[in-house]
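In case you want the letters, here they are:
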Amino acid sequence: MIHFPGLEHLPALPVIIPLIAAPFTIVMRPGRTPWLWATLVSWVTFACTLLLLEVVWHGGPTEYKMGGWAAPLGITYYIDLANALVMMLVAAMAAVVFPYAYFSVKSEIARAQSPAFYTAMIICLTGLLGVAATGDAFNVFVFLEISSLSTYALVAMGARRDRRALTAAFNYLVMGTIGATFYVIGLGLLYQATGTLNMLDLHERLAGQDNKVVEAGFAFIVTGIGLKLAMVPLHLWLPNAYGFAPSAVTAFLAATATKVQIYLMVRFIYTVFGFEFPFLEVALNAFLILGIVGMFYASFVAVFRDNVKQMLAYSSVAQIGYMLLGISFGTVDGLTASFVHIFNHALIKAALFMGVGCVVLRIGSSQLTAFRGLARRMPWTTWALVLSGLSLIGVPPTVGFISKFKLMEAAFQTTTLIPPLLVVLLIGASSLLAAVYVGRLIYTMVLEQPPENAPAIKEAPHAMRVALWIMVIANIYFFFFTDLTVGVATQAAEALMCSQAGCGGAY
Amino acid sequence: MWEFILERYNYWIVITLMMTGLYIVFSRGNLVKTIIGLNVFQTSVFIFYITIGKIAGGTAPILMGGHGGGHDGQGDHTSATHGADAAHDVSVKPTLDDLRAGSDAAEAAGEVEAHSHNDLAAAMKGVEQQPAYETQSLHSLPDMAQAAQGNSILADPGEAAEAVLTPRDQGLHDMPEAGLGADGHETLGHEAVTSVTDAAAHAADIIYTNPLPHVLILTAIVVGVATTAVGLALAVRIQEAYGTIEEDELEAEDYEAEFGERLAGSEAR
Amino acid sequence: MFSLLSPDMAVYLALAVPVFGFLGIMLADKYPNIREGVTLITGVITLYMALTIFVAVGAGQEPGFEFLEILPGLSLSFKVEPLGAMFGILGSGLWIVNSLFSIGYMRGSQANNQTRFYMCFAIAIMAALGIAYAANLLTFFVFYEILTLSTFPLVTHNQNEAAKKGGSVYLGILLGTSIGLLLPAIILTWITTGTTGFALGGILASSVEANDPVVSVLLILFAFGIGKAALMPIHPWLPNAMVAPTPVSAFLHAVAVVKAGVFGVLKVAIYIFGIDFLSMGSAADFIMWIAAFTILASSMIAMSQDNLKARLAYSTVSQLSYVTLGAMLATSMGAMGGGMQIAMHAVGKMTLFMCAGAIYIKTHKLLISEMAGLGRVMPVTFGAFFIGAMSIIGLPPLAGAWPKFLLMIGSADAGHRLLLFVLALSSILNVIYLLSIPLKAFYFSDNGKDGVGAGPQGRVQWGNLKEAPFFCVMPPVLTAIGCVILFFLAGSLYDYLLPIMEVK
């Protein structure tokens, strides 16, 4: 292992670097400079998170005390495999989407706003990484709001193309703030019961506690995070927010924001509350039901959407159902499946939304009619969309298959309210719904004729195509090589589940 | 009955505000009103946090003079714990035994802290060790906490809290005060054993309010202000783009944009 | 030795060559002759590989290799056994015949997107070979899905409303059953036994009792999950896929796709459950009766179809269930009959489809009722059709006779007398709906409405033939001859397949 100076600060670097870089961005000259800067920042951050994952993977969990203050007073960053994986994922998505953003942003956002745009993007990145990194429950709230506030602004920037972005952003703001406030209320109740905000300490102190205060706290926190991660039926903000945000923003958020929230949910359920927490059963059963309902309801709505962005947004809500389902099993396999799907779904949705972004750039619309005969007009984009669409359905050889496989495998091995076989068949059936809406898109692109006298259009710029295809290739690569996804996810899940089995600490 | 309700007046305020705020947010209105509702809702949370930090008779958590040395060693990752309940009926001068117990504990804790710099597992072990230390001095906890006070020992605030508080037995009412009282009083720093007595004697006279919830809520207020600002900015932009900030009208316009027809029941303007 | 290549290498190449063919076809987009040359050359090389493997397997080897381990314990790997070797040679051999036919048909009908057509064909053949040579269920599944997807553009090749509708049903049912039922079945097998590898004698026997409900669940999931086997009620994809150009129907829906399905069923029965294990439980009976029902019901439906391709499609549904039936009989004769049926029916049914294509190319007639008298101007085509139909019915001296015979023995062995009646009835139905077509063509007249068949009844007008282009007529004649030859080779094939019945 090579030792770089400052390596001891590694756990904090992914959060600190973008945080410091952000203010510089806003004063830059509009145009190319902020983009270059943001890309650079995202790459450096990505490198840090990769290094961090490497360290944690081979060297075990690591801890970092902010400003040298220890746990009870100071804020501590605990990085184990679970957050290292999520952080790496978030930074990787940034590293791909930021370079991609340039042309898309150029056409969708006023030039004068571009420094503000990239500033908000970087801050959003900081917030998401912070949520994943921190081991302090209140610090989570702060980072949550850092990312959310910048997200509201980013979504609203879609107003140049469609003013509905503004109302979408406003709704998102209201729902997001309520969610965050619920979280804070829950945290207050937990603080009353335990007198600490550190996740590890919380777990220690909560052990054996089962009273109304803790239960209320638990309910508030789960609901709050549920709002943020668009758990059905708290998902109403998501489709419009994703649908009207600028394409690059949608690609980035769809791949990262909800994933971080899912991680947070897992962290609270398994690390903070732990498995002996009596109330957990109720929550897990609720996740099971809500997950299944979400899978079907949202997929069903997606089938009837004519705006591809919204269709994919509903599909995201449905996919969150799969992740919740994995959590609800309460087994290592289930948790592994969730983590694998977090990773894989990020790849899938990033690719899909980036592909749609290319279409929006060249054709100027994300309505399904704009995709007619796209195979002839933009073959690269089309085939990228086709492949990632197949991945969404779960067809081999794409990562979606791995997700489905792990999830079904986990489902077979559980005892839940619903018989395992039925759960598995339901997963299969909802995949069929995915096949329907993806099939609709693919059919329109590949088998329909382009509209009469459609103007000749160029393919998307190289920067966008390259980024898009990196994602598509990742979709296939991680089918064949699953060390990083399944391997890390399994270890992370084992570590998380271990925390209550008493095998060597919560991390 | 009445007493039971009245004693918890702070929670009633919080709940009333919370519900009022949420109601304002959800009931149809104009966007600015929604923002105001959101603010009321958040304010209830602020008050909630502040009340749980309050200790009856406590003063603002600013160190009163007398042991200025307490400020120096703040970097040393240690905090003193002071059971608030204990503060009321504690003998002013701790016995020598108690002092010894306190400093032993301090050493143990110091070690634990030192380890946890690098090694999380060790820290975990440390946490596991603490109960042992507690059982050893549990019966004399109040005194010990006194002694520990100036002497900068460790113990996570809540650890002590747990000892004092047995949540199952205590009602909603007692818990906050007890729980927070436990770490209600913190000072930092190293002091010579000789000065411990002084400091402890001094501190016993003053009851501080738990500062942590206040600090947290300061952060939350900043977040709330930022949210309000973004929300209002959005409202302004919506006013520019749509010419209205009434939710009904916005919805009707969005519906029209989406489906190409007017929302049933909405009036033409 | 037959080949210079090691058999393991041949497995590798058999899968890789079609991919190179795919690229070659793509590059030769603008030059139709080169493009089709590439297709044929690829076909010949692939057949050579398949033959190499076939010979090696016949010599008792088990060529194969592990490509990649995807998840711990789950890998993409290949291992060839006699059934797979036979399927491989069938697929790659008939691909060449079909390519010749495609050249005639596609040029004759001046179809669009011919490059895409040949490219998809190459991928489909690769997938079919992958299925044939798969060493475990995971590999089987991966190639099964690739086959579904790569054939979708072929099915919807005409890109009209009918193709859109047919294609949706095709893809919906095949993807739906595979992800919704087959994948759970594979995962359940994996969880139950800790492996997904095919092993002679089955892998379930060591983990569960024959009467365990898991076995029934698995069998039902497999039987319906392998939607390509077209067991009722999941058969509608097959008639719907007939919107495809005829070469697609001829090859994919008489050979590659449907046979991949029943091959899968047979392979699962023999190598996952194990014949003996299957015979101990009661689950197989249920599927067996469904197969019997499918055989009769779809024959009945076939009789009512006037569209030639639709009639052939329902005939295929019926004939496929012979294989499923053979597998579910859980006797060695049944399995053998099923295995033979795969080969024999493929050759026969492909003949019929290609004849239908030839008729369409020349006369643009799809309906059987319009074909009266056509035999007299297209005697070669209808002659081939006649031989193919006879083979499917199961009349000696044609290839189709053997599997019927073996299946009857198998039914008797298993003690299902009623099945003998079902098989006999089905053959009678076959006679009615298949032989009526050449009969009509040769002996009926359409009263000279459009100039064909104007000559005296029952006399072929040798001086006034209106046969389809050479490339459309030659392939069905080849396969018709094949039907005859296979009748005499059946003994060798029987011996070749014998190892699958050896239970350790």
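Computed from a predicted model, the values in this text were never measured in an experiment.

1. Section: the overall build of chain A
Counting secondary structure elements, chain A contains 19 helices and 2 strands. For chain A, the proportion of its 507 residues judged to be buried stands at 70%. Pairs at least 24 apart in sequence give 80% of the contacts found in chain A among residues at least 6 apart.

2. Regarding the confidence of the model for chain B
Confidence along chain B averages 61 in pLDDT terms, with 44% of residues attaining 70 or more. For residues 67-194 of chain B, every residue scores under 50 in pLDDT, and the model assigns this stretch 197 contacts once sequence neighbours within four places are set aside.

3. A short note on the interface of chain C and chain A
Tallying the contact residues gives 34 residues for chain C and 33 residues for chain A. Scanning the region where chain C abuts chain A turns up 1 salt bridge. At the level of secondary structure, the elements contributing two or more residues to the side of chain C that touches chain A comprise β1 (64-71), β2 (74-79), α5 (137-155), α6 (161-193) and α7 (213-225) of chain C. Ranked by residue count, the leading element in the side of chain C that touches chain A is α6 of chain C, at 13 residues.

4. Quick notes on a positive patch on the surface
Taken together, the side chains of Arg-29, Arg-32, Lys-106 and Arg-111 of chain A present a region of like positive charge at the surface. With respect to the element layout, Arg-29 of chain A can be found in the loop between α1 (13-26) and α2 (32-59).

5. Some remarks on unusual backbone geometry
A cis geometry characterises the amide bond from Val-232 of chain A onward to Pro-233 of chain A, with omega recorded as 5°. Looking at the element boundaries, Pro-233 of chain A is found in the loop between α8 (212-228) and α9 (237-244). Positive phi values are uncommon outside glycine, yet Ala-230 of chain C reaches one of about 55°. Looking at the secondary structure, you find Ala-230 of chain C in the loop between α7 and α8 (237-240). The backbone phi angle of His-364 of chain C is positive, close to 55°, even though this residue is not glycine. With respect to the element layout, His-364 of chain C can be found in the loop between α13 (332-363) and α14 (379-393).

6. Let's talk about the nonpolar core
Formed by 443 residues in total, the largest nonpolar core has its most connected members in Phe-268 of chain A together with Phe-273 of chain C. Residue contributions to this core peak at 20 residues, all from helix α9 (residues 246-273) of chain C. Apart from the residues lying within four places of it in its own chain, the contact partners of Phe-268 of chain A are Ala-137, Tyr-183, Leu-187, Met-199, Ile-221, Ile-225, Phe-273 and Gly-274 of chain A.

7. Comments concerning the environment of Gly-21 of chain C
All names here are of chain C. You can see Gly-21 is positioned in helix α1 (residues 7-27). The class of Gly-21 is buried, set by a relative accessible area of 3%. Through-space distance from the C-alpha of Gly-21 to that of Thr-42 is 5.6 Å; in sequence the pair is 21 residues apart. Leave out the neighbours within four places in its chain, and Gly-21 touches Val-38 and Thr-42.

8. Overview of the environment of Ile-52 of chain B
Within the secondary structure, Ile-52 of chain B sits in helix α3 (residues 31-53). In this structure, the C-alpha to C-alpha distance between Ile-52 of chain B and Pro-213 of chain B, residues 161 residues apart in sequence, is 7.5 Å.

9. Considerations on a nonpolar patch on the surface
Taken together, the side chains of Tyr-9, Trp-12, Ile-13, Ile-15 and Met-19 of chain B define a hydrophobic patch exposed on the protein surface, amounting to about 520 Å² of accessible area. Mapped onto the fold, Ile-15 of chain B is located in helix α2 (residues 9-26).

10. Some details on the confidence of the model for chain A
Taken as a whole, chain A shows an average pLDDT of 89; of its residues, 97% reach a score of 70 or greater. Contacts from residues 500-507 of chain A, a stretch scored under 50 in pLDDT, to residues over four places away or in other chains number 20 contacts.

11. Remarks on the pattern of salt bridges
Residue and element names in this part refer to chain A. Here the structure, examined in full by the defined rule, presents 15 salt bridges over all chains. Two residues, Lys-65 and Glu-63, come together in a salt bridge whose shortest N-O distance is 3.5 Å. We classify Lys-65 as buried; its relative accessible area is 11%. A salt bridge links Lys-406 to Glu-409; the shortest N-O distance between them is 3.6 Å. Pair noted here: Lys-406 and Glu-409 are both in helix α16 (residues 399-412), with a separation of 3 residues, about one helical turn. Judged by its relative accessible area of 9%, Glu-409 falls in the buried class.

What counts and what doesn't
Residues numbered from 1 in each chain as written. Chains lettered and ligands numbered in written order. Predicted model: local features only at pLDDT ≥ 70, side-chain atom pairs only at ≥ 80, totals over all residues. Heavy atoms only, no water. Helix = DSSP H or I, 4+ residues; strand = E, 2+ residues; numbered from the N terminus. Buried < 20%, exposed > 50% of the residue type's maximum accessible area, 1.4 Å probe, protein only. Contact = heavy atoms within 4.5 Å. pLDDT = per-residue confidence, 0-100. Salt bridge = Lys/Arg side-chain N within 4 Å of Asp/Glu carboxyl O. Patch = residues over 30% accessible without salt bridge, like charges linked within 9 Å, V, L, I, M, F, W, Y side chains within 5 Å. Areas by Shrake-Rupley, 256 points an atom, 1.4 Å probe, with all protein chains shown as cover. Lys, Arg positive; Asp, Glu negative; His and termini not counted. Charge placed at Lys NZ, Arg CZ, Asp CG, Glu CD. Core = buried A, V, L, I, M, F, W, Y, C linked by side-chain atoms within 4.5 Å.

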